[in-house]
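Coordinate analysis (summary)
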Amino acid sequence: MSREQALADHIFGLPQHQLEAVRGHPAKVCELIEQFSAQHLLTITSPQRAAAVVVHLKAQYKKNPPKVMLELGGYIGYSAILFSHQLAPDSYAQYYSFESNKEHAKIARQLVDLAGLTNRIEIVDGKASNSLQSLGNKVARLSYVAPAFVYLDHGKELFIPDLRVLETLNLIAPGTVVVAANSYAGGVPEYVRYVRGTPAERREYNYDVRNVSGKIMPGRWNMLYESKGIELDDEGLEITRCIDYLNG
Ligand SMILES: C[S@@+](CC[C@H](N)C(=O)[O-])C[C@H]1O[C@@H](n2cnc3c(N)ncnc32)[C@H](O)[C@@H]1O
C-alpha cells in the first residue's frame, strides 16, 4: 500500500468523534497530515517552507486578497488546504490544484472535503500543462482576473516548460506572484536563470528551446519579473513577481 493511501486510511480510520472534531477545520486537517508525515515522510511542502510562503502571501495580499490561486503538483492536498486560506472571501474565489497522479488526486479530494473546502479548492486531474488551457478559458469567462498566486511544486524539470505555458495562456500578468519550490536535489538553477534573466535572454531561450509542455506554448518573453530566492534550512523558494510588460 502506498504511503499516501496509508495516510488516508489512518485519517479516515480515526474514531468518529476524533474525525468529527477536525471536520471543517483546515488547520486541524493539516496538523494530522504533518503528524503522519513526520513518521512516514510524505512529499508535502515542509512546514518551514509552508510557513515562509504563508508569511509572503499575507504581506503581499494584505489589501487585495487573491481571487484565483494555482498550484502545479497538488499531491494529497496539503498545500492547497493551507494556502487557500489566503483566498478572498468572494464566493467565486478559487484555488485550482493540478495533480497528475490519480491516487493522489482522489485522496486530495477526500481531505479537501474533510477540511470543508470543496467549494474553494478544485482538484484538477491530469498533467497540469494539459489542463491549463481549459482553465485559461474558464478564468476568462469568469470576468477575467489573472491568478494572483502560482505555486510550482510538481517537478523541477517542468518549472520552465509549464511557466511558459502559463505565460502563453495569459495566466501570468502584472501582479501575479510565482513561488517555485527550490527544494529538489541540485536546486533549480536553470529556472532561477530564466526568471531572473532579461527579456532579451528569455526571448533567445524561448526561440532556441522547444517547449516540451507544448510546441505552441513558447512563453512571453516580454514579461518583466522581479525575482529573489529565500534560503531555508535545507531548501528554498524562488519568489517571482510579474511587475509589467515590456512595451515595444
Ligand atoms: C512534491 S509533490 C507536491 C506537494 C504538494 N504541493 C504539497 O505541499 O502538499 C509533487 C506532486 O506533483 C505531481 N506531478 C508531477 N508532475 C505533474 C504534472 N505534470 N502535473 C501535475 N502534477 C504533477 C506528482 O504526482 C506529486 O503528487
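Residues numbered from 1 in each chain as written. Predicted model: local features only at pLDDT ≥ 70, side-chain atom pairs only at ≥ 80, totals over all residues.

The name given to the chain in an unreviewed UniProt entry is catechol O-methyltransferase, with Suhomyces tanzawaensis NRRL Y-17324 as the source organism.

Digging into the overall build of the chain
Per the secondary structure count, the chain includes 10 helices and seven strands. Taken against the 2.2 N^0.38 rule, which gives 18 Å for 248 residues, the C-alpha radius of gyration of the chain at 18 Å falls within 12% of a compact globule. Considering only C-alpha atoms, the chain reaches an extent of 65 × 40 × 35 Å along its principal axes. Here the chain holds 248 residues, and the buried ones make up 41% of them. (Helix = DSSP H or I, 4+ residues; strand = E, 2+ residues; numbered from the N terminus. Rg over C-alpha atoms; globule rule 2.2 N^0.38 Å. Buried ≥ 20, exposed ≤ 12 C-beta atoms within 10 Å, placed from the backbone.)

Examining the packing of helix H1 (residues 3-12) against helix H3 (residues 26-40)
It is at 11 Å that the axes of H1 and H3 come closest, and there the two elements cross at 135°. One element, H1, and the other, H3, form an angle in the oblique class. Helix-helix and strand crossings are classified by hand; for H1 and H3 the assignment is right-handed. Two secondary-structure elements touch here, H1 through Arg-3, Ala-6, Leu-7, His-10 and Ile-11 and H3 through Leu-32, Ile-33, Phe-36 and His-40. Here the contact of H1 with H3 is composed, by residue class, of six nonpolar, two polar and one charged. (Axes fitted to C-alpha atoms, helices over the stretch in contact; angles between N-to-C directions. Parallel < 35°, antiparallel > 145°, perpendicular 65-115°, else oblique. Left-handed = near helix turned anticlockwise from the far one by under 90°. Contact = placed C-beta atoms within 7 Å. Nonpolar A, V, L, I, M, F, W, Y, C, P; charged D, E, K, R; others polar.)

Some remarks on the site of the ligand
Among the 20 residues in the neighbourhood of the ligand, the closest are listed as Thr-45, Gly-73, Tyr-75, Tyr-78 and Ser-79. Listed by contribution, the elements that provide at least two residues to the shell around the ligand are helix H5 (78-83) and strand E2 (94-99). For the shell around the ligand, a count of residues per class yields seven nonpolar, 10 polar and three charged. (Near = placed C-beta within 6 Å.)

Observations concerning the pairing of strand E7 (residues 236-245)
Direction of pairing for strand E5 (residues 177-182) relative to E7: antiparallel, over a ladder of six bridges. Bridging from a neighbouring strand, Ala-181 pairs with Leu-237 of E7. Two strands pair when backbone bridges link them, and strand E6 (residues 223-231) and E7 are joined in this way by nine bridges, in the antiparallel orientation. By the bridge assignment, Lys-228 is partnered in E7 with Ile-239. (Pairing = 2+ DSSP bridges.)

So, the nonpolar core
Core analysis: the largest hydrophobic core is formed by 67 residues, its most contacted members being Ile-81, Ala-108, Leu-111, Val-112 and Ala-180. Of the residues forming this core, the biggest block, six residues, is contributed by helix H6 (residues 102-114). Discounting chain neighbours no more than four positions away, the residues touching Leu-111 are Val-29, Ile-76, Gly-77 and Ile-81. (Core = buried A, V, L, I, M, F, W, Y, C linked by C-beta atoms within 7 Å.)

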